[in-house]
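# Summary of the model geometry
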Amino acid sequence: MIETLIFQGLTGLSQGMFLWLISSGLTLVFGILGVLNFAQGSFYMLGAFVGYSVLKFTGNFWLATLFAPVIVGIFAFFLERFLLKPAYKLDESYQLLLTFGFALVLENLAKLIWGSGYIASPRVPGLNGFVMLFNRPFPTYYIFIIAMGFLTVAVLWYFLKFTWPGRILRAASTNQEMAAALGVNVSMLYSLVFGLGAILSALGGILATPITVTSSGVGDTIIIKAFLVIVIGGLGSLKGAFVASLIVGLIESYGVIFMPFFEMAMIYIIVIFILLFKPSGLFPENV
Amino acid sequence: MKKFNRRSFVKAGLAGSAAVLFGGLTGKKSEAKTLKNPIKIAHQAVLSGNFATYGKFHEMGARLAVEEINANGGILGSKIEYTMKDATLKPAVAVRNARYFVEEWGADMIMGIDSSGQALAVGKIMPQLNKPLIVTHAATSQLNENLVFKEGIKQIFRVSVPTYQDGISAAFVASKLPIKRWATISPSYTFGRVSWKAFKETLKKLRPDVEFVSESWAHFGTVDFSSHISKVMSSNAEGFFTTEWAGELISLINQGQKFGLFKKFKEVLLSLGGAMDVVEALGKNYPEGVWISCRYWYEYPPTNVNGSFVERFYKRWKRYPHYVSETSYSAIYAYKAAVEKAKSVKTEDVIKALEGLTFVTPAGRRWIRKEDHQAVYEVPWGRVAHTDKPPYVTLKNSIMVWPAEVYYPHPPFKENDYPPYYNNK
Amino acid sequence: MKAVFDPFESFEKFLVIVIILGYFVAGFFAHKFLSFILIKAMVLSIFAMGYSILFARTGYLSFGHAAFFAVSAYSAGLFVLHIKNSMLLALVVALLFTLVVSAIIGFLSLLRSKIYFAMLTLAFGMGIYTIIWEWESLTGGDDGLIGINRSSLFGSISLVPINHYYFFALVLLILTAISIYFIVYSPLGLILNGIKENETRMRYAGFSPKIYSFLAFVISGLFAGVAGYIDVFLENSASPVMAHWSESALPIFAVLLGGIESFSGPMVGALLLTLLITFLQTVSSEWKLWYGLIFIVVILGLRGGIVGFVKSKLKGRGGEQ
Amino acid sequence: MNSKEPILKVDKLFKSFGDLKAVNGVNLEIYEGGIVSIIGPNGAGKSTLVNILTGFLFPDSGHIYFYGERIERKSIQYRVRKGLNRSFQINSLFNGMTVKENILLGLLYWELPLGRLLTNRLPKALEEKVLEIIESVNMTDKMNIEVDKLSHGEQRLIEITLSIVKPPKLLFLDEPTSGLSPDERNMIMDKIRSIAETGTTVVLIEHNMDVVFSLAKRIVVLNRGSVIADGEPSSIRGNEEVKKIYLGEDLTVA
């Protein structure tokens, strides 16, 4: 029994890490730009598709993992510049709706570019095996995913805490006027943050390709869960997004054993409890 | 309802005899006159979202059939006009499309449909639309058992196999395998539940010594199966059965490989593992030795009809036919056969002609049962082996087939009566 | 926004009356498919007009109203299938259930600010979707409820023929338009507008905005219920996707397309959107791409919607909306 | 009410944002009648204090008593209904609505019976009252203009009017003259005097020392979240500590 619990825990952790990659982008963008980005799921999807193309071109999964998020990030950067900026003067609901429009268009553009079929999952050199835990195999790739999750946390934390751009970001999240007063180009900052958020989600997308199937509708499915995650964690809070991602991942995983059919219900119940008793989420704070 | 039946019977009789009469008197030319030109066939399937690939495969099969028929003089001289629409997976959209096809576009026959909910919703309004509907994918047994057989909605036909293939035939395969304990990860919706139940109950009757030790239910849209895999792998099962399909099956297989699922279980049955979307996506990575089936497999039957179909299909689309391609292709040929038999495109005549119709298709000889309008035909199971050429998967050396009559439930349908027609002889 | 003293109020009224007359006349001439599509447009009109009470008036964006549409459709369907084949009683039951569900979800979602609210309605709506999907013994799971047939009204007026049902739907549309008119051009409408413009100031004017937002939520939920009720008897079936969040985008889009600031906007938008989608689906399998592009254009370039655009042209000084 | 009893009593109020202690242990008592001014340099915590007192923010700790009732966790509207209102430094009107609609919205809660929430026509008395208020600010000719199209001074006038359509017992005015021309400023100052004359206690948060010294009978000086001086204008003017924080600013005018 104990090894089953550990196995479920590990798979839950890895599921949580994918949620973290997408919800960190979501919460970061919200924290700085104040925009709830429906298209965050599309960046996840684009990460997978672009990664697939890079992989086809270079034959190297690691190059794909490196380049796909950057390409998607650059795309997001320009998307923000040209199509999202005009919406900042609008109500936040309109911004949400606009990104919803982006999601619709991106899903269908992806279908036009990459076709409607399922894109095969690449094999990752060196990570195809498994390690034995309690005489049962656990895939090395899942361990790698868990490690990548923690790595992104560490990198983000270091970036925000100890680097100059990171400090500006934190300042901007609490007080944009102050940041502007410091001579920060807020408009450029917004574009960069939007791009950074896309990079995180796209990284999730490309990292998921070896274990899941990529199709144009994949962004839709994941964005809903990411919303739940950031409600639990507290909007705009990276710490909250991380903890909540793990909580949701673990609930889903243990739910499969202890309450099949109802694991999603369990997540909703947590959301309701958070709302009633701790309405600003687990970690109500900025970035 | 009675009145309707009598009138249609009379009409059908009149039309039929008129056609025979004229045909006898004046030969082929006037036959064409009694028909409509062009004959309009409307097709709908999912062309957007996660399952968009299904719609594309549907369309490829249907277009090939239409092109061939039109190139060879059409149906009794009438050309086919064909249209295709995105049905998404929403019943409301499928209903709207069906209404559009019949009431606006003027379709003589409508076909396609992927999800059970859509098939049932469209099926229910067929008496209003009163055109033949040939379902080419949706597998719910309610369609033929309830809507056609019990409620008498005669406009509905299905050329693809119902869930019988997914649950019951799998149990026949399982009964021949030297293992006793089974587990599943099944889709957490009607299709998955019905199939697992059919599998369990059939197998229990065929092999009373079997046990079902672990089941895990995955939501529609599950992306990550690892916790389900981890759960079933913690059981002492020896065999694994699933009716997961399309993208979710690909994810399940991928993740299963990483977790050593195909090593842990001695036998694995994938009822829809033979679908070309899955085969294409996995190719050489398809785990060897697992049992797969689907509603048509490109290598079976090894007839000339099938061989040349696969060849033509590949030539036209540079891909191998998916089962929905074959069923779409055959649906059009079934309709052609019926119209030629009835020498009429009138719904009543076509229905009569389709009932009991036997026709040769790439998937072999199909026979449309009169009572429930279900096409009965054989579909194989086999073990995955690899080849060097696309699609890299072959079942040639391990094919296992049961006559469809053996495992198809027969009218009158009794609830939960598995296996339906099989006696322990 | 001139809720009470709109000089263009008469223009709006005129527009709505013209559309309703148009529906009425079309009812005599439309053949089957067109009447089906027009009923669909009426369903969306009712849905969107009710939705505008929440979205256009208070500014709260809900992605969960499809769930109320579905709750109504399922409760009406289950009622006529299992309890009593009465369309009138089914309406009462459907609205009652919708009321309860929308009150609970509205209360919970309104505990948080507007943007959280959007997410919460989305999440709770998907919760309903999941329940409908999983509770197979009651709802038929993914197969949905089928065979929900129309019967007659007051025992004598048969609603089975589609042209009869057309006028039944039209009556409900007219009743909806009148109710919405009374809400929009009343002090309540002004209060709701005040919440949209400046929720904090409303508090300093003594109001509890959440109570009024809640009221708007439940009202819009109820009209979603009316729409769901008409739809289920039109389709003769109910399916879980009715509750899916993507369905909630339809009334949003209808409201935006027609003109969020106007009374007639939702009705204009719903009619155009229904025709547009029917057209797009007929000409292109990539219809969602066009749909998305039009969505973006409307939000970025045409925020007064079509009615707002026409009004600004009539006024002779553009860009006012 | 005994005039010795304060109508508002603030007891050890704290509020921080991250590392910044915006309000750092403020104690304050406001007595009925007259105009009290709260001054202090930028970032002294004036706005935060007003936001906490009027319910816009909740304090981290400390108590607020209004007529003896603890209100620090009560909602904005609760305090408003008890007679505590405010105006905003940056105009916070119902933009996009007309002057008339703005005033009407200010009045609706107090004057409209719930049963008439859905009537198409307003009660006559209410209609008259709206017109009367508009008349009192000389905007009858502009009542159908959207407020965001008015001049800054006119908007400020509506801003203040909105907070007194139902005369409160205690009114906080947050920098009511900032950004105004001298003429507009005089108009607003007259308005403030007339408000105080009708019996509303006014707390004026102000930057402009001319305004403060010409209106206030009592001045409270805030610096770094704490009260550093509290007294009559003359004593404040002579206060060394106050001079220090207002270095370079001439407090002797007025």
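### A look at the domain arrangement of chain B
Residues and elements named next belong to chain B. Segmentation of chain B into domains returns domain 1 (18-161 + 303-376) and domain 2 (164-294). A C-alpha centroid distance of 31 Å is found between domain 1 and domain 2. Between domain 1 and domain 2, the contact holds 16 residues from the first and 12 residues from the second. With both sides pooled, the region where domain 1 packs onto domain 2 buries about 1,200 Å², and carbon together with sulfur makes up 68% of that total. Joining domain 1 to domain 2, the criterion identifies one salt bridge. Between Glu280 and Arg319 there is a salt bridge whose closest N-O contact spans 2.8 Å. Our count for the contact surface shared by domain 1 and domain 2 stands at five residue pairs in polar contact (both at pLDDT 80 or more). Listing elements by their share of the side of domain 1 that touches domain 2, those giving two or more residues are helix H3 (52-71) and helix H6 (141-150). For the side of domain 1 that touches domain 2, the residue count by class is eight nonpolar, five polar and three charged.

### What about the packing of aromatic side chains?
Using the criterion set out here, one finds 80 aromatic pairs over all chains in the structure. Between the aromatic rings of Phe78 of chain A and Phe82 of chain A, the centroid separation amounts to 6.2 Å while the plane-to-plane angle is 10°, which identifies the pairing as stacked. Here Phe82 of chain A and Phe78 of chain A lie together in helix H3 (residues 61-84), a separation of four residues that amounts to about one turn. Phe82 of chain A gets classed as exposed once you look at its relative accessible area, which sits at 60%. Taken together, a centroid distance of 6.1 Å and an interplanar angle of 50° make the contact between Phe172 of chain B and Tyr407 of chain B tilted.

### Section: the interface of chain C and chain A
Listed as interface residues are 37 residues of chain C and, on the opposing side, 39 residues of chain A. Interface area for chain C against chain A, summed over the two sides, is near 3,600 Å², with a carbon-plus-sulfur share of 82%. Summed over the shared surface of chain C and chain A, the result is three residue pairs in polar contact (both at pLDDT 80 or more). Secondary structure elements with two or more residues in the side of chain C that touches chain A: helix H4 (87-109), helix H5 (114-134), helix H11 (245-258) and helix H13 (287-301) of chain C. Per-element accounting of the side of chain C that touches chain A gives the leading share, 12 residues, to H5 of chain C. Among the residues making up the side of chain C that touches chain A, the classes are represented as 27 nonpolar, four polar and six charged.

### Concerning unusual backbone geometry
Looking along the chain, the bond that leaves Pro390 of chain B and enters Pro391 of chain B is cis, with omega of 0°. Structurally, Pro391 of chain B can be placed in the loop between strand E15 (385-386) and strand E16 (393-394). At the junction of Pro411 of chain B and Pro412 of chain B, the peptide bond is cis and its omega measures out at -5° in the coordinates. A positive phi angle, close to 50°, is found at Asn130 of chain B, a residue other than glycine. In this fold, Asn130 of chain B is placed in the loop between helix H5 (116-129) and strand E4 (133-135). In this structure, Tyr67 of chain D takes a positive phi of about 50° despite not being glycine. Note that Tyr67 of chain D resides in the loop between strand E4 (61-66) and strand E5 (69-70).

Definitions and limits used
Residues numbered from 1 in each chain as written. Chains lettered and ligands numbered in written order. Predicted model: local features only at pLDDT ≥ 70, side-chain atom pairs only at ≥ 80, totals over all residues. Heavy atoms only, no water. Domains from an automatic or database assignment. Contact = heavy atoms within 4.5 Å. Buried area = accessible area lost by both parts, 1.4 Å probe. Salt bridge = Lys/Arg side-chain N within 4 Å of Asp/Glu carboxyl O. Polar contact = N/O pair within 3.5 Å; in protein donor to acceptor, adjacent residues only side chain to side chain. Helix = DSSP H or I, 4+ residues; strand = E, 2+ residues; numbered from the N terminus. Nonpolar A, V, L, I, M, F, W, Y, C, P; charged D, E, K, R; others polar. Phe/Tyr/Trp six-rings, centres within 6.5 Å; stacked < 30°, edge-to-face > 60°. Buried < 20%, exposed > 50% of the residue type's maximum accessible area, 1.4 Å probe, protein only.

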